[in-house]
Amino acid sequence: MAEGGCAKTEEGEASSSEEDSSSFHGNGVCKWFNVRMGFGFLSMTNRDGVPLETPVDVFVHQSKLQMEGFRSLREGEAVEFTFKKSSKGLESLEVTGPKGAPCVGSEKRPKGALKRRSKGDKCYNCGGPNHHAKECQLPPQPKKCHFCQSIAHMVASCPVKAQQSSPGSQGRSSSATGGEEEEATDPAPASLPPESSD
């Protein structure tokens with residue numbers, strides 16, 4: 001009997017290892033998908049052509065999605081997929097839309113990707129486009145005001161910026177101090193620092 005018991009155990013192990021390596025076909029919908037992290041879960045309602053009484057969760061990673069461009073799924077999107085059993089549960093191997101069509105995907109995109117696209121490459125040394133200061137062909141340039149590009153002063157003491165911002169600040173300073181004489185004297189001190197820095 002001991003030998004028969006061992007034989008059954010070996011057969012049981014062999015069948016479970018075969019089951020782990022084989023794949024199955026399923027249909028269902030996307031239960032949820034995290035666009036930023038690139039994974040989610042499918043809710044399988046049909047396994048190998050047989051409807052399931054209760055939906056079963058199947059893990060999905062964005063690399064398994066069959067579609068062009070940014071890969072993601074929309075919640076509730078109908079999908080067909082192949083999956084396997086693993087030590088962690090059920091994992092999808094290939095995910096498509098109904099009848100093998102490409103997945104539709106979510107309209108959402110990670111927030112960081114939008115910020116990166118809006119920034120342009122600009123050299124802080126020469127101000128030129130499409131390269132950074134470490135790649136600049138020019139020797140180190142003198143520091144200049146970020147507002148008016150003058151090398152005589154920095155942006156904190158820029159007279160051009162002070163003159164342009166003074167109309168907006170006049171309303172605040174007159175309401176705060178109550179005097180118009182200070183407003184008239186604001187442009188004069190702003191123009192003095194460039195002379196003293198020479």
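Throughout, a residue's number is its position along its own chain's written sequence, starting from 1. Two thresholds apply to this predicted model, a pLDDT of at least 70 for residue-level local features and 80 or more for giving and counting side-chain atom pairs, whereas whole-chain, interface and lining totals are computed over all residues. The side-chain numbers reported here are obtained from all heavy atoms of the structure, hydrogens and water having been left aside.

A. View of the pattern of salt bridges. Basic side-chain nitrogens of Lys or Arg form a salt bridge, by our definition, when they fall within 4 Å of a carboxyl oxygen of Asp or Glu. Within the structure shown, the criterion is met by one salt bridge. Between Lys31 and Asp57 there is a salt bridge, with its nearest N and O atoms 2.9 Å apart. Highlighted residues: Lys31 in strand β1 (residues 23–34) and Asp57 in strand β3 (residues 50–61), separated in sequence by 26 residues. By relative accessible area, which is 35% here, Asp57 ends up partly exposed. Working definition: helices are DSSP H or I runs of at least four residues, strands are E runs of at least two. Numbering for both runs from the N terminus. For each residue, the accessible area found with a 1.4 Å probe, counting protein chains only, is set against the maximum for its type, and the residue is called buried under 20%, exposed over 50%, and partly exposed in between.

B. Here's a closer look at the environment of Phe33. Structurally, the position occupied by Phe33 is in strand β1. Under the relative-accessibility criterion, Phe33 is labelled buried at 12%. A C-alpha to C-alpha distance of 9.1 Å links Phe33 and Gln62, two positions 29 residues apart in sequence. In this description, contact between two residues means that some pair of their heavy atoms is separated by no more than 4.5 Å. Phe33 has contacts with Gly38, Phe39, Gly40, Val60, Gln62, Leu65, Arg71, Ser72 and Leu73, leaving out every residue within four places of it along the chain.

C. Summary view of the nonpolar core. Of all hydrophobic cores here, the largest spans 17 residues; its most connected members are Leu42, Leu65, Leu73, Phe81 and Val95. When neighbours within four sequence positions are excluded, Leu42 is seen to be in contact with Val29, Cys30, Lys31, Val56, Asp57, Val58, Val60, Leu73, Val79, Phe81, Ser92 and Val95. We call a set of buried Ala, Val, Leu, Ile, Met, Phe, Trp, Tyr and Cys residues a nonpolar core when their side-chain atoms join them within 4.5 Å.

D. Molecular detail of the side chain of Ser92. By secondary structure assignment, the location of Ser92 is in strand β5 (residues 89–96). The class for Ser92 is buried, based on a relative accessible area of 5%. Those residues in contact with Ser92, other than ones at most four positions away along the chain, are Leu42, Val58, Phe59, Val60, His61, Lys64, Thr82 and Phe83.

E. Structural detail: the layout of surface pockets. Here a cavity means grid points, on a 1 Å grid over the protein atoms only, where a 1.4 Å probe fits yet cannot get out; a pocket means an open set of points with protein on both sides within 12 Å along at least five of seven lines; lining residues are those with an atom within 4 Å of a point. Grid points are joined across faces, edges and corners, and a volume is the space filled by probe spheres set on the points. Roughly 360 Å³ of internal volume is contained in the largest pocket. Residue polarity follows a fixed list, in which Ala, Val, Leu, Ile, Met, Phe, Trp, Tyr, Cys and Pro are nonpolar, Asp, Glu, Lys and Arg are charged, and the others, Gly among them, are polar. In the lining of the largest pocket, the residues fall into seven nonpolar, five polar and three charged.

F. Molecular detail of the UniProt feature "domain: CCHC-type" (unreviewed entry) in the chain. UniProt positions are given in the numbering used here, feature names are shortened, and annotations may be inferred rather than shown by experiment. Within this numbering scheme, the UniProt entry marks residues 122–136 as carrying the feature "domain: CCHC-type" (unreviewed entry). This span, residues 122–136, is 0% helix and 0% strand, and a straight line between its end C-alpha atoms measures 10 Å.

G. Structural view of the packing of aromatic side chains. Aromatic rings from Phe, Tyr and Trp, with only the six-membered ring used for Trp, were paired whenever their centres fell within 6.5 Å, and each pair was classed as stacked if the ring planes differed by under 30 degrees, edge-to-face if by over 60, and tilted otherwise. Following the criterion strictly, the structure yields six aromatic pairs and no others. Ring centres of Phe24 and Phe83 lie 5.6 Å apart, and the angle between their planes is 35°; this geometry places the pair in the tilted category. Taken together, the residues span a long stretch of sequence, with Phe24 in strand β1 and Phe83 in strand β4 (residues 78–86) at a distance of 59 residues. In this pair, the class of Phe24 matches that of Phe83, namely buried. Measuring from ring centre to ring centre gives 5.9 Å for Phe81 and Phe83, while their planes differ by 55°; the resulting arrangement is tilted. Taken together, the ring pairs connect Trp32, Phe39, Phe41 and Phe59 into an aromatic cluster.

H. The arrangement of the pairing of β1 in detail. Pairing between β1 and β4: seven bridges, direction antiparallel. Note on β4: the bridge partner recorded for Phe24 is Phe83. Whether two strands pair comes down to DSSP finding at least two bridges between them. Bridge count between β1 and strand β2 (residues 39–47): eight bridges; the pairing is antiparallel. When the sheet's bridge partners are listed, Gly28 is paired in β2 with Met44. In textbook terms, the turn of a hairpin is the stretch between consecutive antiparallel strands, and for β1 and β2 this stretch comprises four residues, one of which, Gly38, has a positive phi near 85°.

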